[in-house]
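If you want the building blocks of each chain, they are given just below.
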Amino acid sequence: MEWPRAFRTHSVSSDRFECYRGLARVCLAFAAAPLLATGCTRVNEGRPPVARRAEPQVHHLFRSVSPSAVALARVRVVELGRSVRGRPLVMHVFGHSNDAVFIFGGIHGNEPTSASVARRLIEHLRNYPEVLGGRRVAIVAEANPDGLAERRRGNAQGVDLNRNFPTRNWRRADGDGRGHGPTPASEPETRAIMRAVDRLDPDCIISIHSIPRGKHCNNYDGPAEDLAAAMTRLNGYPPRASMGYPTPGSFGSWAGIDRGIPTITLELPRDLSGSQCWRENRPALLAVIQPRTVYLSQ
Ligand SMILES: [Zn+2]
């Protein structure tokens, strides 16, 4: 039986509470609550398991917005793993297409506006799911929740996660002493992002950061020059092939250079608030979500 689109939801157990709540809001219209509850589990068939257990913080994420029942039903909340301190590493997934975009923020804990912009994008997609344009969009707002909680760049072990990816150019530490981890992909947060990319096989990736004004840019790795140029037309930030300093073990090196996935490191100007960054970058981020013909044809 083909279930109505609104019920093809939630391949995770962690958000089952919200799944049921969303279903409860609409089941009167169908007068078939027992069947709908079964539908929640049927959609798991043929899909990989993606989460392990109920998590209050995941529920909090759901309550932090005011979505309609339909919007609730269209988003899936995936727990990719746990941080060093045990915080859930949460990914919101919109849509079911194989044509996927992956966006994440907050990998550097001292760059909170990057997480803020990602959270605002999640809320926007909840409220305006029509902008998905048939694509699957997966967003991790807080890739380094321990670092964000303490406003520090690295994770709870002091490792700069954006130097911990298993790239061909990985090395143990750089000149300023920041830890890159004892081995490539030594950190659970790094491995969670890698799992997301492996699972999604995205067509393009946006990694959101922040940097002092003047250095803000659409930095690109891999075959992403056209995408960077399209974003430049919408956010005004210069496109850059390099940040001007070596970034061994960075996500851009791993995904963009080593794997050939078009990857943008969106460097927000650090003097702006999260809401200002969102307003300034919303058109560019929504353009990335559109099918690639939109930006390649400009
Ligand atoms: Zn950063």
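Since the model is a prediction, treat every value here as computed from it, not as a measurement.

### Some words on the sheet that holds strand β6 (residues 217-221)
Pairing between the strands of a sheet comes from backbone hydrogen bonds, and it takes one of two forms, parallel or antiparallel.
In step 1: Read from one edge of the open sheet, eight strands run β1-β2-β4-β3-β5-β8-β6-β7, paired in mixed fashion. Taken across any chain shown, the strands that pair with only one partner, and hence form the sheet edges, are β1 (75-82) and β7 (239-240).
In step 2: Strand direction decides the pairing type here: β6 and strand β8 (residues 263-269), joined by five bridges, are antiparallel. Residue pairing for β8: N218 is matched across the bridge by L266.
In step 3: In this fold helix α5 (residues 112-127) packs onto β1, β2 (88-94), β3 (100-104), β4 (136-140), β5 (204-211) and β8, with an angle of close to 135 degrees to the strand it touches most, β5.
In step 4: The sheet strands contacting helix α8 (residues 225-235) are β5, β6, β7 and β8, and the helix crosses β6 at an angle near 170 degrees.

### Quick notes on the pairing of β4
Strand residues, when the strand is regular, have side chains that alternate between the two faces of the sheet.
In step 1: Counted residue by residue, β4 has five buried out of five residues, so it is predominantly covered.
In step 2: In this fold, β3 hands off to α5, which returns the chain to β4; that crossover is right-handed.

### With respect to unusual backbone geometry
Negative phi is the rule for most residues except glycine; trans is the rule for most peptide bonds.
In step 1: The phi dihedral of A185 falls on the positive side, at around 60 degrees, and the residue is not glycine.
In step 2: Of note, A185 is situated in the loop between α6 (145-150) and α7 (188-200).
In step 3: In this structure, D201 takes a positive phi of about 50 degrees despite not being glycine.
In step 4: As for its position among the elements, D201 is in the loop between α7 and β5.

### Section: the environment of N164
In step 1: Note that N164 resides in the loop between α6 and α7.
In step 2: Along the chain, N164 and W254 lie 90 residues apart, while their C-alpha atoms are 9.7 Å from each other.
In step 3: The residues contacting N164, other than those within four sequence positions of it, are V159, H180, G181, P184, A185, S186, E187, T190 and G249.

### Concerning the environment of D203
In step 1: When you line up the elements, D203 lands in the loop between α7 and β5.
In step 2: For D203, a count of 18 C-beta atoms within 10 Å corresponds to the partly exposed category.

### Thoughts on the confidence of the model for the protein
In step 1: For the protein, per-residue confidence averages 79 on the pLDDT scale, and 71% of positions sit at 70 or higher.
In step 2: The low-confidence segment residues 1-69, where pLDDT is below 50, has 82 contacts with residues more than four positions distant or belonging to other chains.

### A word on helix α10 (residues 274-289)
Given 3.6 residues per helical turn, the α-helix brings residues three or four places apart onto the same face.
In step 1: By the largest-angle criterion, N281 marks the main kink of α10, which is about 55 degrees, and a proline, P283, follows within four residues.
In step 2: Buried residues along α10 sit in contact with β3, α5, β4, β5, α8 and β8.

### Section: the packing of α8 against α10
The relative placement of two packed helices comes down to the angle between their axes together with the axis-to-axis distance.
In step 1: The geometry of α8 relative to α10 is characterised by a closest axis approach of 8 Å and an angle of 145 degrees between their N-to-C directions. Where α8 crosses over α10, the two elements pack in a sense that is right-handed. Across the interface between the two elements, L227, A230, M231, L234 and N235 from α8 touch E280, N281, P283, A284, A287 and V288 from α10.

### Structural notes on the pairing of β3
In step 1: Of all five residues in β3, five are buried; the element is thus mostly enclosed.
In step 2: Of the two faces of β3, the one lined by A100, F102 and F104 and the one lined by V101 and I103 are each fully buried.
In step 3: With five bridges connecting them, β3 and β4 associate as parallel partners. Bridging across to β4, V101 finds its partner in V137.
In step 4: Examined bridge by bridge, β3 and β5 share four bridges and lie parallel to one another. The residue bridging F102 from the neighbouring strand is I205, located in β5.

### Digging into the nonpolar core
In step 1: With 58 residues, the main nonpolar core has F104, A118, I139 and V140 as its most contacted residues.
In step 2: Excluding residues that lie within four positions of it along the chain, A118 makes contacts with I103, F104, G105, G106, I139, A141 and I208.

### Re the environment of L125
In step 1: Its place among the elements puts L125 in helix α5.
In step 2: Using a count of 24 C-beta atoms within 10 Å as the deciding quantity, one classes L125 as buried.
In step 3: It is 9.9 Å that separates the C-alpha atoms of L125 and R74, two residues lying 51 residues apart in sequence.
In step 4: Every residue in contact with L125, bar those within four places of it in the chain, is listed here: F94, V131, L132 and V137.

Analysis parameters
Residues numbered from 1 in each chain as written. Predicted model: local features only at pLDDT ≥ 70, side-chain atom pairs only at ≥ 80, totals over all residues. Pairing = 2+ DSSP bridges. Helix = DSSP H or I, 4+ residues; strand = E, 2+ residues; numbered from the N terminus. Contact = placed C-beta atoms within 7 Å. Axes fitted to C-alpha atoms, helices over the stretch in contact; angles between N-to-C directions. Buried ≥ 20, exposed ≤ 12 C-beta atoms within 10 Å, placed from the backbone. Right-handed = clockwise from strand over helix to strand, strands pointing away. pLDDT = per-residue confidence, 0-100. Bend = angle between axes of the 7 residues up to and from the residue. Left-handed = near helix turned anticlockwise from the far one by under 90°. Core = buried A, V, L, I, M, F, W, Y, C linked by C-beta atoms within 7 Å.

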